[in-house]
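# Secondary and tertiary structure notes
For reference, the chains in residue letters:
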Amino acid sequence: MSESIGQDAGMVWTYLRKTGTASVTKTARECELDPKRMQRAIGWLAREDKLEIEATPRGEWLSLK
């Protein structure tokens, strides 16, 4: 399972590298990840200190550090 989490995290990282800042919802949709897989990928990237997460009234936004 950790291999697939790493692959999902890699997809999210690549997507954010191309787009800059994006919402969690849009990133999950574009990377074709269900909510659980997306949260695991976010956790992986956050643990690696590669991710900025900003919570706003309109949702959560992701960007790379």
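Residues numbered from 1 in each chain as written. Predicted model: local features only at pLDDT ≥ 70, side-chain atom pairs only at ≥ 80, totals over all residues. Heavy atoms only, no water.

This brings us to the sheet that holds strand E3 (residues 59-64). The antiparallel open sheet is built from three strands, whose spatial order is E1-E3-E2. Every other strand in the sheet has two partners, leaving strand E1 (22-23) and strand E2 (51-56) as the edge strands with one partner each. Sheet topology note: the E2/E3 ladder contains six bridges and is antiparallel. Looking across to E3, one finds that Glu52 is bridged to Ser63. Helix-sheet contacts for helix H3 (residues 35-47) involve E2 and E3, and the interaxial angle to E2 is about 125°. (Pairing = 2+ DSSP bridges. Helix = DSSP H or I, 4+ residues; strand = E, 2+ residues; numbered from the N terminus. Contact = heavy atoms within 4.5 Å. Axes fitted to C-alpha atoms, helices over the stretch in contact; angles between N-to-C directions.)

Following both chains from N to C, one finds helix H2 (residues 24-31) and H3 inclined at 110°, their axes separated by 10 Å at the closest point. Between H2 and H3, the interaxial angle falls into the category roughly perpendicular. Residue-level contacts link Val24, Thr27 and Ala28 of H2 to Met38, Gln39 and Ile42 of H3. Its residues placed into classes, the contact of H2 with H3 shows four nonpolar, two polar and no charged. (Parallel < 35°, antiparallel > 145°, perpendicular 65-115°, else oblique. Nonpolar A, V, L, I, M, F, W, Y, C, P; charged D, E, K, R; others polar.)

Enumeration over the complete set of coordinates arrives at two salt bridges. A salt bridge links Arg37 to Asp8, with the shortest nitrogen-to-oxygen separation between them at 2.8 Å. On the criterion of sequence distance, the pair formed by Arg37 in helix H3 and Asp8 in helix H1 (residues 2-19) is long-range, its members being 29 residues apart. Between Asp49 and Lys65 there is a salt bridge, with its nearest N and O atoms 2.3 Å apart. Of this pair, Asp49 sits in the loop between H3 and E2 while Lys65 sits in the segment after E3, and the two are 16 residues apart along the sequence. (Salt bridge = Lys/Arg side-chain N within 4 Å of Asp/Glu carboxyl O.)

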